[in-house]
There are 2 protein chains.
Amino acid sequence: MENTPNQTPGDDRVVSVREVGPRDGFQNEPETIATADKIELINELGRTGLTRIEVASFVRPDVIPQLSDGVEVLRGLDLPTDVERMVLIPNSKGLDNALQVRELFDAATLFVSASESHNKANINRTVRQTMDDVKAMGSRVVSEDIKFSAVIATSFGCPYEGKVPMERVLDLAEEFAAAGATELGFGDTTGMANPAYVSRFFSEANRRLPEVEVTAHFHNTRGQGLANAYAALEAGCRSFESSFGELGGCPVPKGSTGNIGSEDLVSMFHEMGVDTGIDLEVLIAAAQRVQDVLGRKLTSHSIVAGPVDWTGALMAANAG
Amino acid sequence: MENTPNQTPGDDRVVSVREVGPRDGFQNEPETIATADKIELINELGRTGLTRIEVASFVRPDVIPQLSDGVEVLRGLDLPTDVERMVLIPNSKGLDNALQVRELFDAATLFVSASESHNKANINRTVRQTMDDVKAMGSRVVSEDIKFSAVIATSFGCPYEGKVPMERVLDLAEEFAAAGATELGFGDTTGMANPAYVSRFFSEANRRLPEVEVTAHFHNTRGQGLANAYAALEAGCRSFESSFGELGGCPVPKGSTGNIGSEDLVSMFHEMGVDTGIDLEVLIAAAQRVQDVLGRKLTSHSIVAGPVDWTGALMAANAG
């Protein structure tokens, strides 16, 4: 890592960052990205030091055509062996399809919304029905020796219902943990989290879920994404999801940004002296590359500003 | 304030937010904004509940032509009587000019850079020379019954020198406090602060400066602006500066964002249950208005996303 003299002395915290741009990001692009471009971008992400990437989704191609080439993408990948390839699986039909190519991935995300209205709007099932579905799918996943990662959407608020009680979210999480999930992700689906609530939430989540990995997924809808990540870190969270270029997320309201940018998250962690194992400059190059592929400016900050320059070299070069 | 059920229960913290867009923002616009527009925008800010606005600067008009109409702007303002009108004064000539219209403002910002190289690049004086100048100016300011607010730029890092020792910054701050400054502002001039360092910095600043108000001024260069504000708040800081629409700041590297957006900062505080006294919707309207005046999209998030909707009304309206 670079010379970062203002970092926390003696901070030896290590965090895991999962890149979700190739699924959560590419899915939300108005124009479908060419399969070859997707493969190249994901392979580039594999050279950053990232050890977890969400690479595809087994959704219905008529519903999300942007990801209909999932199996082709999986087949085309050339990633280091220590990179965990995660896929999103929305239902048992998707799981059937995924298991046809079981060797192509390592971990599966199965999800529910904590809010009835959002779950209904999203997949037209009750939360109870979905919980039962997901637990059944989870047991199939586990029996195939695939990592079962459960995600709870609208964990910090629902755009239809408003408040989503912490008790309710953590009850669902415990139920997933008991059903074999080894990772529990909490999604701020429409960017309603704030750092004070996040701090309390992850303190309680860690207390109630001592046996599973607890993962934070924040959006940057009102610019609070990194504040929420910092609050979660301070409350003991050590696993985070983000998206290169700040791609993706749920663009509600229209025009708002989605996921926090991976390069901004990693930049913050490195400046604090928190280890991610990621080479920030290579990650920024990958984000610049996806910007080129999409042909538009993306919204992450570090893609413009670059890593913090603690040496003065940049200013000296500009002055020269 | 709105229905914010996820806010911190019992959080009764109150913070002060100073809007710096009319000085720090307007100064950095490539095209000078018409005087009448400035006056209208500042008067609109005066209707948000903001009680502190940096409204003008007594700089040389040939150096910063964007602010050459400062006196005209001050004369045109129609602000509530409880709004503190702050002006930036870079040198004793500026102070001479300011004192000609002493009745038009309430507080003066006088500044130094903690870093020799930055101070030299900025005003071509040593830090020691500038400290002596500013203290002499400060004593004139105090004798005119004007509030003396001292600002220390590059408090969290210097683009030329890298690290700026905390000791050095706080020594300068104590010297200003002893010279009569009642507010000490710490500026993250080129966006090098991180929340871990900010947390330690403001804990120490509050310990060493018990008699003065300590103010945080962060930039959002790498998206960490609100994370830094949250860290400062948690460390006891209760005074913040920000800029509507995320205007201004030091655009280094080129294209990076500057100050944190006032509406994003206020949105975060309100969601946490921290009181600012500001009407967020009126503030967002003011940011939208400056966007209209400048004729380009600004980078704050809340200007697009609006306040968090805890009622579901927005989604219901969109569905209907």
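Whatever comes next refers back to the structure up there.
Attention here is on the structure that accompanies the text. Predicted model, so just to flag it, every value in this text is computed and none were measured.

**Some words on the overall build of chain A**
Helix and strand counts for chain A stand at 13 helices and eight strands. Computed over the C-alpha atoms, the radius of gyration of chain A is 19 Å, within 12% of the 20 Å expected from 2.2 N^0.38 for a compact globule of 320 residues. Reported as C-alpha extents along the three principal axes, the dimensions of chain A are approximately 65 × 45 × 35 Å. Taken over 320 residues, chain A has a buried fraction of 62%. Within chain A, contacts between residues at least 6 apart in sequence are counted, and of these 74% link residues at least 24 apart. Taking the 28 positively charged and 46 negatively charged side chains of chain A as two groups, their mean positions are separated by 7 Å.

**Quick look at the interface of chain B and chain A**
Contact with chain B, which involves 54 residues of that partner, is made by 53 residues of chain A. In this assembly, chain B packs against chain A so that about 4200 Å² is buried in total across both faces, 63% of it on carbon and sulfur atoms. For the interface between chain B and chain A, the tally reads eight residue pairs in polar contact (both at pLDDT 80 or more). Only α8 (195–208), α9 (225–234), α10 (262–272), α12 (302–305) and α13 (313–319) of chain B provide two or more residues apiece to the side of chain B that touches chain A. When the residues that make up the side of chain B that touches chain A are grouped by side-chain class, the tally is 25 nonpolar, 20 polar and nine charged.

**Quick look at the sheet that holds strand β7 (residues 213–217) of chain B**
All names here are of chain B. Spatially, β1-β2-β3-β4-β5-β6-β7-β8 is the arrangement adopted by the eight strands of the closed barrel, whose pairing is parallel. If you compare each strand with its neighbour and ignore which way they point, the axes differ by 30° on average. Strand direction decides the pairing type here: strand β1 (residues 16–19) and strand β2 (residues 52–57), joined by two bridges, are parallel. From the neighbouring strand, E19 faces β2, where its bridge partner is I53.

**Quick look at the relation of the copies chain B and chain A**
Here chain B sits on chain A after a turn of 180° about the axis and a move of 0.0 Å along it, with an RMSD of 0.0 Å. Look at the turn and shift together and you get a two-fold axis relating the two. It is A227 of chain B whose C-alpha, among those of chain B, lies nearest the rotation axis, at 1.8 Å. Here 98% of the interface residues in chain B have copies in chain A that are interface residues too; the copies meet face to matching face.

**Topic: the pattern of salt bridges**
Inspection of every chain in the model, using the stated rule, returns 52 salt bridges over all chains. A salt bridge links D133 of chain A to R125 of chain A, with the nearest nitrogen and oxygen atoms 2.8 Å apart. The class of D133 of chain A is partly exposed, set by a relative accessible area of 31%. Across the pair R128 of chain B and E175 of chain B runs a salt bridge, and its minimum N-O distance is 2.8 Å. On the criterion of sequence distance, the pair formed by R128 of chain B in helix α6 (residues 127–143) and E175 of chain B in helix α7 (residues 166–178) is long-range, its members being 47 residues apart. What makes R128 of chain B partly exposed here is its relative accessible area of 41%. Salt bridges sharing partners connect three or more residues here, namely R18, R52, E84, K147, E183, E213 and E241 of chain A.

How each quantity is defined
Residues numbered from 1 in each chain as written. Chains lettered and ligands numbered in written order. Predicted model: local features only at pLDDT ≥ 70, side-chain atom pairs only at ≥ 80, totals over all residues. Heavy atoms only, no water. Helix = DSSP H or I, 4+ residues; strand = E, 2+ residues; numbered from the N terminus. Rg over C-alpha atoms; globule rule 2.2 N^0.38 Å. Buried < 20%, exposed > 50% of the residue type's maximum accessible area, 1.4 Å probe, protein only. Contact = heavy atoms within 4.5 Å. Lys, Arg positive; Asp, Glu negative; His and termini not counted. Charge placed at Lys NZ, Arg CZ, Asp CG, Glu CD. Buried area = accessible area lost by both parts, 1.4 Å probe. Polar contact = N/O pair within 3.5 Å; in protein donor to acceptor, adjacent residues only side chain to side chain. Nonpolar A, V, L, I, M, F, W, Y, C, P; charged D, E, K, R; others polar. Pairing = 2+ DSSP bridges. Axes fitted to C-alpha atoms, helices over the stretch in contact; angles between N-to-C directions. Least-squares fit on C-alpha atoms with pLDDT ≥ 70 in both. Salt bridge = Lys/Arg side-chain N within 4 Å of Asp/Glu carboxyl O.

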